[in-house]
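Structural features, examined
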Amino acid sequence: MSKNLDTINHHESVVRSYIRNFPTVFTKAKKHKMWDEDGKEYIDFFSGAGALNYGHNDDHMKQKLIDYITDDGITHSLDMASTAKADFLEKLDDVILKPRDLDYKVMFPGPTGTNTVESALKLARKVTGRTDIISFTGGFHGMTIGSLSVTGNSMKRQGAGIPLQNTVTMAYDNYVDHDTVAYLERFLEDSGSGVAIPAAMIVETVQGEGGINAARFEWLKKIEEICKRWGILLIIDDVQAGIGRTGSFFSFEAAGIKPDIVCLSKSLSGYGLPLAITLIKPELDIWKPGEHNGTFRGNNHAFVTATAALDYWKDESFEKEIHEKSEIVHNFLQKIVTDYPEIKGEVRGRGLMIGIASEVEGFAEKVTEKCFELGLIMETAGPNDEVFKLFPALNIPKEDLQKGLEIIEESVKGLVKDPVTN
Ligand code: PLP
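So, here is what we can say about the structure in this document. (Residues numbered from 1 in each chain as written. Predicted model: local features only at pLDDT ≥ 70, side-chain atom pairs only at ≥ 80, totals over all residues. Heavy atoms only, no water.)

As a further point, take the overall build of the chain. For the chain, the helix and strand inventory stands at 14 helices and 17 strands. Its C-alpha atoms give the chain a radius of gyration of 21 Å, within 12% of the compact-globule value 22 Å for 422 residues. With the C-alpha coordinates of the chain rotated into their principal frame, the extents come out at 60 × 60 × 45 Å. Taking contacts inside the chain between residues at least 6 apart in sequence as the whole, the part at least 24 apart equals 73%. Surface exposure of the chain reaches about 19,100 Å², of which carbon and sulfur atoms provide 52%. Within the chain, the 63 negative side-chain charges are centred at a point lying 2 Å from the centre of the 47 positive side-chain charges. (Helix = DSSP H or I, 4+ residues; strand = E, 2+ residues; numbered from the N terminus. Rg over C-alpha atoms; globule rule 2.2 N^0.38 Å. Contact = heavy atoms within 4.5 Å. Areas by Shrake-Rupley, 256 points an atom, 1.4 Å probe, with all protein chains shown as cover. Lys, Arg positive; Asp, Glu negative; His and termini not counted. Charge placed at Lys NZ, Arg CZ, Asp CG, Glu CD.)

What follows is the structure, encoded as structure tokens:
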């Protein structure tokens, strides 16, 4: 075994996780590729679990960051004013919010996805004066207590070590063969249902960790209508599905909804640097100064790369590119499901947030293991790791996208032919 891998396994807590699926030591990464210390090259269909939608070490962002650091631009400033912050806010408004007719205040809740979720839950409770939040089966929102309380996965929930309260789980779209929105609304109408009118509902338009379940646009629209009817705030957690992953900057655009609060993080900085924001409808921005605080809420290096990343969104060409590639991937996966009926597969997802759920126990994990051997990094999702999940960089060239798909087919084919020895 590699000495470096040994060192890490010896010293790092057993809580470590991805290192177990990809047991090698990485040294270098560029765009959609990574290399390990033996010089082996990998195509990256994992993309930092959605934090690297533009690939690794994008040249344009890197140059802006190098220039900023060379000029001794401010690195840490809590939430004091900096030129980097002002530039980011201005460009976010010009390139993203205004063209989409969205009017949001921007809150910096702390650097990670779970920080934005916690701030959203807190604000919804403060605005409405209510305590409960409705979350959905299969939802995943982060590892701190509030976020865990709206997360479905039982293993993660148990990790909290305390009762997770003031939340109610309802059925996500297609969770059962019924109209889950009508079911949900019945609970709200009926004063005997045991479910109080909540402060908010928190929804992922496509559930990443929960198994690449994509809610239909009609379903999302109905959820928005119900929220409006009952004075419930709609929080869209776009931490994983946002920033182009499903085809548009925000994953909810195509559904034609306007959430009250939006959670963003992961690929927001564009460069893999920690940055999160909570977008808040102006009338809901009722925080007292400093009421939600934190030391790392002004990651200036991340502002610099996030501002550069927004150049991808200046016109519609990037969205077009994502759509073309998602069609290629969708068609490929559909063909896999048809050509290999033994895997009992179902294609799931939207845009480049897509995968195959297999009813064959352990199959998705085996595919990702085999892919890793063959030089492709890909993870699983779903409560039983039943989905293999394709998350290529959105700007991956089509030839390398194709190469990655070929590795997947080779892995599937090998496993189907020889399921026991593999
Ligand atoms: N929300 C969603 C939808 C996520 O997928 C994740 C992480 O995967 C989070 C929140 C939590 O983000 P973080 O791991 O940065 O705390």
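Okay, the packing of helix α9 (residues 180-189) against helix α10 (residues 217-230) next. Two numbers describe how α9 lies on α10: the axes approach to 10 Å, and their chain directions differ by 10°. As judged from the angle between their axes, α9 and α10 are roughly parallel. Contacts between α9 and α10 involve Thr 180, Val 181, Leu 184, Glu 185, Leu 188 and Glu 189 from the former and Trp 219, Lys 222, Ile 223, Ile 226, Arg 229 and Trp 230 from the latter. (Axes fitted to C-alpha atoms, helices over the stretch in contact; angles between N-to-C directions. Parallel < 35°, antiparallel > 145°, perpendicular 65-115°, else oblique.)

In sheet architecture, strand pairing relies on hydrogen bonds along the backbone and comes in two forms, parallel and antiparallel. Spatially, β1-β2-β3-β15 is the arrangement adopted by the four strands of the open sheet, whose pairing is mixed. A strand with exactly one partner marks an edge of an open sheet, and here the two such strands are β1 (26-30) and β15 (376-377). Note: strand β3 (residues 41-44) against β15, two bridges, orientation parallel. Across the sheet, Ile 43 pairs through a bridge with Leu 376, a residue of β15. (Pairing = 2+ DSSP bridges.)

The next point concerns α9. Buried within α9 are the following residues: Thr 180, Val 181, Leu 184, Glu 185 and Leu 188. Buried residues of α9, viewed axially, fall in a sector of 135°; they line one side. Residue Asp 179 occupies the N-cap position of α9, its side-chain oxygen lying 3.1 Å from the main-chain nitrogen of Val 181. (Buried < 20%, exposed > 50% of the residue type's maximum accessible area, 1.4 Å probe, protein only. Arc of directions from axis to C-beta. Polar contact = N/O pair within 3.5 Å; in protein donor to acceptor, adjacent residues only side chain to side chain.)

So, on to the site of the ligand. Every residue near the ligand is listed here: Thr 112, Gly 113, Thr 114, Phe 140, His 141, Gly 142, Glu 204, Asp 237, Val 239, Gln 240 and Lys 266. Taking Gln 240, its side chain carries an N or O atom lying 2.7 Å from an oxygen atom of the ligand. Out of a free accessible area of 390 Å², the ligand has 82% covered by protein chains. For the shell around the ligand, a count of residues per class yields two nonpolar, six polar and three charged. (Near = heavy atom within 4 Å. Nonpolar A, V, L, I, M, F, W, Y, C, P; charged D, E, K, R; others polar.)

The next point concerns the side chain of Asn 213. When you line up the elements, Asn 213 lands in strand β9 (residues 213-214). The buried category is assigned to Asn 213, whose relative accessible area is 18%. Of the polar contacts made by the side chain of Asn 213, one reaches the backbone oxygen of Gly 210; its length is 3.1 Å. Beyond its immediate stretch of four places on either side in the chain, Asn 213 contacts Tyr 172, Thr 205, Val 206, Gln 207 and Arg 348.

Roughly 270 Å³ of volume is contained in the second largest pocket. In this structure, the second largest pocket is lined by 13 residues; those nearest its centre are Asp 79, Met 107, Phe 108, His 292 and Arg 297. Residue composition of the lining of the second largest pocket, by class: five nonpolar, three polar and five charged. (1 Å grid on protein atoms, 1.4 Å probe; cavity = no way out; pocket = protein on both sides within 12 Å on 5 of 7 lines; lining within 4 Å. Points joined across faces, edges and corners; volume = space filled by probe spheres on them.)

Bringing empty space enclosed by the protein into the picture now. Summed over the entire model, instances satisfying the criterion amount to one cavity of 30 Å³ or more. Of the voids in this model, the largest cavity is the one considered here, and its volume is about 30 Å³. Surrounding the largest cavity, Tyr 54, Ile 243, Phe 249, Ser 267, Leu 268, Ala 306, Ala 309 and Leu 310 form its lining. Residues that form the lining of the largest cavity fall into these classes: seven nonpolar, one polar and no charged.

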